[in-house]
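The residues making up each chain are set out below.
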Amino acid sequence: MNHMKRILGIGIALCLQIIIVLTCVEKMTFHLPYYEDQYFKNQVFDAVEMEPKELLFVTQEMLLYLQDKRETLDMKAQVNGVEKEFFNEKEKQHMKDVKNLFLVGYQIRRFSSILLVFSLLLLLLWQVPKWNDLLLKSIQWVTGSLLISIFVISLIIMMDFSRSFTIFHQIFFTNDLWLLDYETDWLIRMVPEPFFYDISVKIGTWILFILGLQWILTTFYFRKITRRRS
């Protein structure tokens, strides 16, 4: 039974970290003002030959599509003064693959939330003594391990971001549609590699900050309640 309780505690802690990580990715990815800042920083408005208002409208619709709030990426926009279909078929197929990744992420987060609540209820139903100790120690251990892992992985990625970016696509996509052409595909002009580097750093920083804060708080609280008992 004690072994089962430990597994349950670690499971709860893992579910919590999954929810935090995926939520950080979502909040950063779908924050429209961030795209506007990046477009100015990377001179994207000039690269796509579009007015800021027009490109931000396209971006907003693209983000709605990735959130499954829009059925297709069929849309027209003013490019260099001419109204035309913005995304070509290759871009649409690639973005469909990207959308599926986000949908899988939503499902994982939803399942993790349900599992977390169910596991907490089990702890209460079993009337586990000092269940808060069990949770605090589990969260402390899992968060600490995850912090070290993310920090090491982040260092490796930052050493050669281009190669890491390629490996990421090779792992998560089963086709080569992500290999876009600057001359024919507007998407690569909208979100060039510096954009992905910057957003990766910001997402990683937020995750490390939240997990680090969580580790500090759980450590502080665990020591506090331990001192009270002694």
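Fair warning: this is a prediction, and the values are worked out from it, not measured in the lab. (Residues numbered from 1 in each chain as written. Predicted model: local features only at pLDDT ≥ 70, side-chain atom pairs only at ≥ 80, totals over all residues. Heavy atoms only, no water.)

*Asks:* Which parts of the structure should I look at to understand a positive patch on the surface?
*Replies:* Where like charges cluster on the molecular surface, the positive patch consists of Arg223, Lys224, Arg227 and Arg228. With respect to the secondary-structure elements, arginine 228 resides in helix α9 (residues 193–229). Arginine 228 sits in the exposed class, given a relative accessible area of 62%. (Patch = residues over 30% accessible without salt bridge, like charges linked within 9 Å, V, L, I, M, F, W, Y side chains within 5 Å. Areas by Shrake-Rupley, 256 points an atom, 1.4 Å probe, with all protein chains shown as cover. Salt bridge = Lys/Arg side-chain N within 4 Å of Asp/Glu carboxyl O. Lys, Arg positive; Asp, Glu negative; His and termini not counted. Charge placed at Lys NZ, Arg CZ, Asp CG, Glu CD. Helix = DSSP H or I, 4+ residues; strand = E, 2+ residues; numbered from the N terminus. Buried < 20%, exposed > 50% of the residue type's maximum accessible area, 1.4 Å probe, protein only.)

*Asks:* Can you walk me through the pairing of strand β1 (residues 76–79) in this structure?
*Replies:* Both faces of the sheet carry side chains from a regular strand, because those side chains alternate between them. With burial as the criterion, only one face of β1 is covered, namely that bearing Ala77 and Val79; the residues Lys76 and Gln78 on the opposite face remain uncovered. Note: β1 against strand β2 (residues 82–85), four bridges, orientation antiparallel. Bridge pairing links alanine 77 to lysine 84 in β2. The hairpin turn running from β1 into β2, its antiparallel successor, is two residues long, and asparagine 80 in that turn takes a positive phi close to 55°. (Pairing = 2+ DSSP bridges.)

*Asks:* Sorry if this is basic, but what is going on with helix α7 (residues 161–172) here?
*Replies:* Note that an α-helix has 3.6 residues per turn; residues three or four places apart therefore point the same way. Spanning twelve residues, α7 covers 16 Å between terminal C-alpha atoms, matching the ideal 16 Å at 1.5 Å per step. Turning to α7, its buried residues are Phe161, Ser164, Phe165 and His169. The arc that holds every buried residue of α7, seen down its axis, measures 135°, which confines them to one face. Residues of α7 that are exposed and point over 90 degrees away from its buried face: Arg163, Gln170 and Ile171. (Expected span 1.5 Å × (residues − 1). Arc of directions from axis to C-beta.)

*Asks:* In this structure, what is going on with the packing of helix α4 (residues 52–66) against helix α5 (residues 89–125)? I would like to understand it.
*Replies:* In a packed pair of helices, the relevant descriptors are the angle between the two axes and the axis-to-axis distance. Here α4 crosses α5 at 50°, and the two axes come no closer than 9 Å. Classed by the angle they form, the pair α4 and α5 counts as oblique. Contact with α4, carried on its side by Met62, Tyr65 and Leu66, involves Lys92, Met95, Lys96, Val98, Lys99 and Phe102 of α5 and no other residues of that element. Here the contact of α4 with α5 is built from residues that sort into six nonpolar, no polar and three charged. (Axes fitted to C-alpha atoms, helices over the stretch in contact; angles between N-to-C directions. Parallel < 35°, antiparallel > 145°, perpendicular 65-115°, else oblique. Contact = heavy atoms within 4.5 Å. Nonpolar A, V, L, I, M, F, W, Y, C, P; charged D, E, K, R; others polar.)

*Asks:* Help me out: how do you make sense of the nonpolar core in this one?
*Replies:* Soluble globular proteins tend to bury their nonpolar side chains together. Within the largest apolar cluster, 42 residues are counted, with the highest numbers of intra-cluster contacts made by Leu55, Phe86 and Phe87. When near neighbours in sequence (up to four residues on either side) are disregarded, phenylalanine 87 contacts Val58, Met62, Leu73, Met75, Lys92, Leu187 and Met190. Counting nine residues, the second largest nonpolar core, distinct from the first, contains Ile12, Cys15, Leu122 and Leu134. (Core = buried A, V, L, I, M, F, W, Y, C linked by side-chain atoms within 4.5 Å.)

*Asks:* Can you walk me through the packing of aromatic side chains in this structure?
*Replies:* Counted by the stated rule, this structure contains 15 aromatic pairs. Ring plane angle 85° and centroid distance 6.2 Å describe the contact between tyrosine 34 and tyrosine 35, whose orientation is recorded as edge-to-face. In this pair, the class of tyrosine 34 matches that of tyrosine 35, namely buried. These aromatic residues form a ring-pair network of at least three members: Tyr34, Tyr35, Tyr39, Phe40, Phe45, Phe161, Phe165, Phe195, Phe196 and Tyr197. (Phe/Tyr/Trp six-rings, centres within 6.5 Å; stacked < 30°, edge-to-face > 60°.)

*Asks:* I tried to follow unusual backbone geometry on my own but got confused; where do I start?
*Replies:* Excluding glycine, residues mostly carry a negative phi; peptide bonds, for their part, are mostly trans. The phi dihedral of glutamate 49 falls on the positive side, at around 55°, and the residue is not glycine. One can find glutamate 49 in the loop between α3 (44–48) and α4. Positive phi is not limited to glycine here, since asparagine 80 has a value of about 55°. Residue position: asparagine 80 is located in the loop between β1 and β2. Asparagine 80 sits in the exposed class, given a relative accessible area of 55%.

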